[in-house]
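A structural walkthrough
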Amino acid sequence: MIIKKNSKIFIAGHKGMVGSAIYRKLKEKGFNNLLAVDRNKLNLLDQKNKLSEANAIINLRRKFTETVIEGVSAGIIYLDLNYKIILFNSRAKEIFGKELNNLFIKELFPGIETILNEVVNKKQKVYEKQVRILILSIEKNINLKISPEIQKKNVNGFVLTFDDVTELVSAQKKAAWSNVARYLAHEIRNPLTPIKISAQRIKNNFLKKKFDNELFENCSNTIIRQVGDIEKLVTE
């Protein structure tokens, strides 16, 4: 293999006895594109390469985190210690239907400062609650979770995650009322059978012109008792 005169040639240890001899010989033979780097410069280059790799990993993690945050179904907001919104994802903006830049969290969740103060004072790890707030003049049910960012035992900020569960709560209420309606229908149907039987017995006796006082009394008491049960059920 023939090395061209203008080829870059790296000389390691050019200040040492062997390295310096090689360097001089190549210079004498007309190789002028010689690269001579001492140990300190090599260390700096190594550190620079490691720093570049570390920055690349940090950028990759940042992009990954941003992608994950934007992909979740919940709204996410980061607050500073003044309870001002610093960061938020697109879902948060979608839930509130407006821009969130430079807003304070009390403009979205009235009265939340009391909760945040409590989280700071007690250094709670997580606070969760379902709240009802007005969004664009419509009452919404919001599942809210507050997680303080703690560094060196001090709270430096807050991460709020929240989701609009209005439709879910509405569906649960409808399901509950549906169950109540089925229960009432079942409980009302039970006394109707003895009432019907008693009324039929009275009717049959009238048609046969049999006036059995004991039968009339028993059937009447049954009807009165079952009607009372229905009234009691409805009242409860």
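The rules behind each value
- Residues numbered from 1 in each chain as written.
- Predicted model: local features only at pLDDT ≥ 70, side-chain atom pairs only at ≥ 80, totals over all residues.
- Heavy atoms only, no water.
- Helix = DSSP H or I, 4+ residues; strand = E, 2+ residues; numbered from the N terminus.
- Buried < 20%, exposed > 50% of the residue type's maximum accessible area, 1.4 Å probe, protein only.
- Contact = heavy atoms within 4.5 Å.
- Salt bridge = Lys/Arg side-chain N within 4 Å of Asp/Glu carboxyl O.
- Pairing = 2+ DSSP bridges.
- Phe/Tyr/Trp six-rings, centres within 6.5 Å; stacked < 30°, edge-to-face > 60°.
- Patch = residues over 30% accessible without salt bridge, like charges linked within 9 Å, V, L, I, M, F, W, Y side chains within 5 Å.
- Areas by Shrake-Rupley, 256 points an atom, 1.4 Å probe, with all protein chains shown as cover.

1. Observations regarding the overall build of the chain
For the chain, the helix and strand inventory stands at 6 helices and 7 strands. Ordered by position from the N terminus, the helices and strands of the chain form the series β-α-β-α-β-β-α-α-β-β-β-α-α. Going through the 236 residues of the chain one by one, you find that 25% of them count as buried. Within the chain, counting contacts between residues at least 6 apart in sequence, those at least 24 apart form 43% of the total.

2. Details of the pattern of salt bridges
Within the structure shown, the criterion is met by 5 salt bridges. With its nearest N and O atoms 3.6 Å apart, the salt bridge here joins arginine 91 to aspartate 163. Of this pair, arginine 91 sits in helix 3 (residues 90-96) while aspartate 163 sits in strand 7 (residues 154-164); the two residues are 72 residues apart in sequence, bridging distant segments of the chain. According to the relative accessible area criterion, aspartate 163 is partly exposed, its value standing at 25%.

3. Some words on the pairing of strand 4 (residues 85-88)
Two strands pair when backbone bridges link them, and strand 3 (residues 75-79) and strand 4 are joined in this way by 3 bridges, in the antiparallel orientation. Bridge pairing in strand 4 places leucine 79 opposite isoleucine 85.

4. What to know about the packing of aromatic side chains
The full count for this structure, using the stated rule, is 4 aromatic pairs. An angle of 85° between the planes, with centres 5.5 Å apart, marks the rings of phenylalanine 96 and phenylalanine 109 as edge-to-face. Taken together, the positions of phenylalanine 96 in helix 3 and phenylalanine 109 in the loop between helix 3 and helix 4 (112-122) put the pair 13 residues apart, joining distant regions of the chain. Looking at phenylalanine 109, the relative accessible area reads 3%, which means it is buried.

5. Here we look at the pairing of strand 6 (residues 138-151)
The pairing of strand 5 (residues 127-135) with strand 6 spans 9 bridges and is classified as antiparallel. Within strand 6, the position partnered with valine 131 by the bridge is isoleucine 142. Remark: 2 residues form the turn of the hairpin made by strand 5 and strand 6, two consecutive strands paired antiparallel; leucine 136 in that turn has positive phi of roughly 55°. Note: strand 6 against strand 7, 10 bridges, orientation antiparallel.

6. Observations concerning a nonpolar patch on the surface
Residues Trp177, Val180, Tyr183 and Leu184 make up a contiguous nonpolar surface patch of roughly 420 Å² in combined accessible area. Of note, tyrosine 183 is situated in helix 5 (residues 166-207). Residue classification places tyrosine 183 among the partly exposed positions, given a relative accessible area of 46%.

7. Points about the side chain of threonine 222
Looking at the secondary structure, you find threonine 222 in helix 6 (residues 213-235). Apart from the residues lying within four places of it in its own chain, the contact partners of threonine 222 are Pro194 and Ser198.

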